[in-house]
Amino acid sequence: MSHPNISNQNPSTPLPSIGFNKPHFTGSEIKYIQEAISSSKIGSNGDFTQKCQQFFESKYGFKKVFLTPSCTDALEMCALLINTKEGDEIIVPSYTFVSTANAFILQGAKIVFADSESNSPNIDTATIEALITPKTKAIVCVHYAGMACDMERLMNLCTKHQLYLIEDAAQAIDSFYQGKALGSIGHLAAFSFHETKNITCGEGGMLVINDERLIPRAEIIREYGTNRSQFIRGEVAQYGWIDKGSSNMPSELLAAFLYAQLECLSEIQAKRILLWNQYEKLLKPLQDLGLIQLPEVSSSIKHNAHIFYIICQNKIQRTALINALKAENINAVFHYNALHQSTYFKDKHDGRNLPNSDKYTDCLLRLPLYYDLTLDEVQHIATIITQFLKTNTL
Ligand SMILES: *Cc1c(COP(=O)(O)O)cnc(C)c1O
């Protein structure tokens, strides 16, 4: 009979497990939350909310920022702000998170899914123009992995056809396109501070408005459809219900947490980029052998190391690789299931093939990447992947 405890795999030192994501705490979160509590102002729109909003406006050149409880909330505000109504068509990439499309569905829009590029999960701008009809109202682009879409082409298309451009920049804090911050280019943009994003307050987001004409109404929509903010500024004698709206304001406790993260933004980003670059360096030989593909980074962008992904040859190879990593206690995960194939949408889709969306659904794999990960751990993960792929050519 075998005795596991006296086997030569020393039981006192189990293999360290490497999770896919681990939120980073900067150390000041509790202090600032305590400050908010001491000020007795824990509702919305207090000092911490103002400080966060000003930070983003001055650092990234966003015209106007409103913190929201989530990116989903910010996207839903976008749908209201552009007056989405029954029958309007909104062009959205199929390879994205549900909220990118769902926010417009809630207002009765028809979603027209676009494919991804062959060399990146971002929306394929070459195929968009054929999807534009007189009913098209907006294009929503998603900067996957914090890597910019082709913004020049998107802006040109939107100007030519008089459409709104909305950036789902959930993953794209501190990313740039031709020197401009992502989120500063479209008419509107939405960011996320969910625990899986580079900067977090657990659940949180922000709406960015670059088209000044949309600012006054955004302030009303997020405050239940009332002009309470105008009243607080002394611009009106009393406030009341003047438009559609909701409650899209995070509490000061969340803004205080977020502010602690913002103070360490450059430190967090530097570490993530170091890890990302290390993955790229160590896995490059596997790409050269044609075993996997790595992200392609064009010289016109600066990305934020939100995700390090690889593209496997097919789903079988990806599943085998996930299992090989799992056997070493490393958690690598796939990402979206193309929305045009989803249970909710498949009957509504117009039947076009979106082969690149399907490819990323089956073949994309995300590797662990978070602030507290070490270069040694990246080395270890890359070694396991290299050993596996070199001995298991499919
Ligand atoms: C995370 C994410 C969202 C949703 O963000 P929440 O803050 O959780 O609502 C939307 N779109 C994309 C592309 C995302 O990555």
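Along each chain, residues carry numbers from 1 onward, in the same order as the chain's sequence is written. This being a predicted model, a pLDDT of at least 70 is required before a residue's local features are given, and a value of 80 or more before pairs of side-chain atoms are given or counted; all residues contribute to the totals for chains, interfaces and linings. For side-chain calculations, the full set of non-hydrogen atoms in the structure is used, while hydrogens and water are omitted.

Asks: Can you walk me through a nonpolar patch on the surface in this structure?
Replies: To count toward a patch, a residue needs a relative accessible area above 30% and no salt bridge. Like charges then connect within 9 Å, nonpolar side chains (Val, Leu, Ile, Met, Phe, Trp, Tyr) within 5 Å. Using the Shrake-Rupley algorithm and a 1.4 Å probe, accessible areas are obtained, with residue cover drawn only from the displayed protein chains. Salt bridges are defined as contacts in which a side-chain nitrogen from Lys or Arg sits within 4 Å of a carboxyl oxygen from Asp or Glu. On the surface, Phe 231, Ile 232 and Tyr 239 cluster together into a nonpolar patch covering about 310 Å² of accessible area. Position of Ile 232 among the secondary structure elements: in helix α7 (residues 228–232). A helix here means a DSSP run of H or I that spans at least four residues, while a strand means a run of E at least two residues long, and both kinds are numbered starting from the N terminus.

Asks: What should I look at first to understand the environment of Cys 149 in this one?
Replies: Along the chain, the position of Cys 149 falls in the loop between β4 (136–142) and α5 (151–161). Considered as a pair, Cys 149 and Ile 123 are 26 residues apart in the sequence and their alpha carbons are 6.9 Å apart.

Asks: What should I look at first to understand the packing of aromatic side chains in this one?
Replies: For any pair of aromatic rings, geometry is given as the distance between the ring centres together with the angle between the planes. Each Phe, Tyr or Trp ring, with Trp reduced to its six-membered ring, pairs with another whose centre is within 6.5 Å; inter-plane angles below 30 degrees give stacked pairs, above 60 give edge-to-face pairs, and intermediate values give tilted ones. As enumerated under the stated definition, the model contains 18 aromatic pairs in all. Note on Phe 25 and Phe 257: the rings are 6.1 Å apart at their centroids and 80° apart in plane angle, and the pair reads as edge-to-face. Placement of Phe 25 in the segment before α1 (29–38) and of Phe 257 in helix α8 (residues 252–262) is noted, with a sequence separation of 232 residues between them. Here the term buried applies to any residue with accessible area under 20% of the maximum for its type, exposed to any over 50%, and partly exposed to those in between, with areas from a 1.4 Å probe on protein chains only. Given the relative accessible area of 53%, Phe 25 is considered exposed. Here Phe 257 falls in the buried class, since its relative accessible area comes to 16%. Between the aromatic rings of Trp 276 and Phe 308, the centroid separation amounts to 5.0 Å while the plane-to-plane angle is 65°, which identifies the pairing as edge-to-face. Separated by 32 residues along the polypeptide, Trp 276 in helix α9 (residues 265–288) and Phe 308 in strand β11 (residues 308–311) bring together distant segments of the chain. For Trp 276, a relative accessible area of 1% corresponds to the buried category.

Asks: Could you clarify how one ought to interpret empty space enclosed by the protein in this entry?
Replies: The rolling of a water-molecule-sized probe over the atoms marks out the regions of remaining empty space. Every definition here rests on a 1 Å grid over the protein atoms only: cavities are sets of points where a 1.4 Å probe fits but cannot get out, pockets are open sets enclosed by protein on both sides within 12 Å along at least five of seven lines, and lining residues have some atom within 4 Å of a point. Grid points are joined across faces, edges and corners, and a volume is the space filled by probe spheres set on the points. Throughout the structure, instances matching the rule amount to 5 cavities of 30 Å³ or more. Counted as a void, the largest cavity has a volume near 80 Å³. Asn 21, Lys 22, Pro 23, His 24, Glu 195, Lys 197, Asn 198, Thr 200, Ile 268, Arg 272, Tyr 370 and Tyr 371 together form the lining of the largest cavity. Under the scheme applied, nonpolar residues are Ala, Val, Leu, Ile, Met, Phe, Trp, Tyr, Cys and Pro; charged residues are Asp, Glu, Lys and Arg; polar residues are all the others, including Gly. Residue composition of the lining of the largest cavity, by class: 4 nonpolar, 4 polar and 4 charged.

Asks: Honestly, the packing of α1 against α8 in this entry has me stumped. Any pointers?
Replies: A pair of packed helices is captured by two measures, namely the crossing angle of their axes and the spacing between those axes. Every axis in this analysis is a line fitted to C-alpha atoms, fitted for helices over the stretch in contact. Angles between the N-to-C directions lie between 0 and 180 degrees. It is at 8 Å that the axes of α1 and α8 come closest, and there the two elements cross at 145°. The handedness of the crossing between α1 and α8 comes out as right-handed. Packed against α1, whose contacting residues are Glu 29, Tyr 32, Ile 33, Ala 36 and Ile 37, the element α8 presents Glu 252, Leu 253, Ala 256, Phe 257, Tyr 259, Ala 260 and Gln 261 at the interface. In terms of residue class, the contact of α1 with α8 is built from 9 nonpolar, 1 polar and 2 charged. Each crossing is labelled by how the near helix is turned from the far one, with a counterclockwise turn of less than a right angle marking it left-handed and a clockwise turn marking it right-handed. Any two residues having at least one pair of non-hydrogen atoms within 4.5 Å are treated as being in contact.

Asks: Which parts of the structure should I look at to understand the sheet that holds β4?
Replies: Working definition: the strands of a sheet are paired by backbone hydrogen bonds and lie parallel or antiparallel to each other. Taken in spatial order, the 7 strands make up an open sheet running β1-β9-β8-β5-β4-β2-β3, and their pairing is mixed. Each edge of the sheet is formed by a strand with only one pairing partner; in this case those strands are β1 (64–68) and β3 (110–114). Averaged over all neighbouring strand pairs, the angle between strand axes comes to 20°, with direction disregarded. In this description, strands pair whenever DSSP reports at least two bridges between them. Sheet topology places strand β5 (residues 164–168) next to strand β8 (residues 188–192); 3 bridges connect them, and they run parallel. Counted as the bridge partner of Glu 167 is Ala 189 from β8. Sheet strands touched by α5: β4 and β5. Its angle to β5, the strand with the most contacts, is close to 150°.

Asks: Teacher, can you tell me more about the pairing of strand β9 (residues 205–209) here?
Replies: Here is the key point about a regular strand: its side chains alternate between the two faces of the sheet. The element β9 is largely enclosed, with a buried count of 5 among its 5 residues. With burial as the criterion, each face of β9 is covered, one bearing Gly 205, Leu 207 and Ile 209 and the other bearing Met 206 and Val 208. As paired strands, β1 and β9 are joined by 5 bridges and run antiparallel to one another. When the sheet's bridge partners are listed, Val 65 is paired in β9 with Val 208. Pairing of β8 with β9 involves 5 bridges; the strand directions are antiparallel. Bridging from a neighbouring strand, Leu 188 pairs with Ile 209 of β9.

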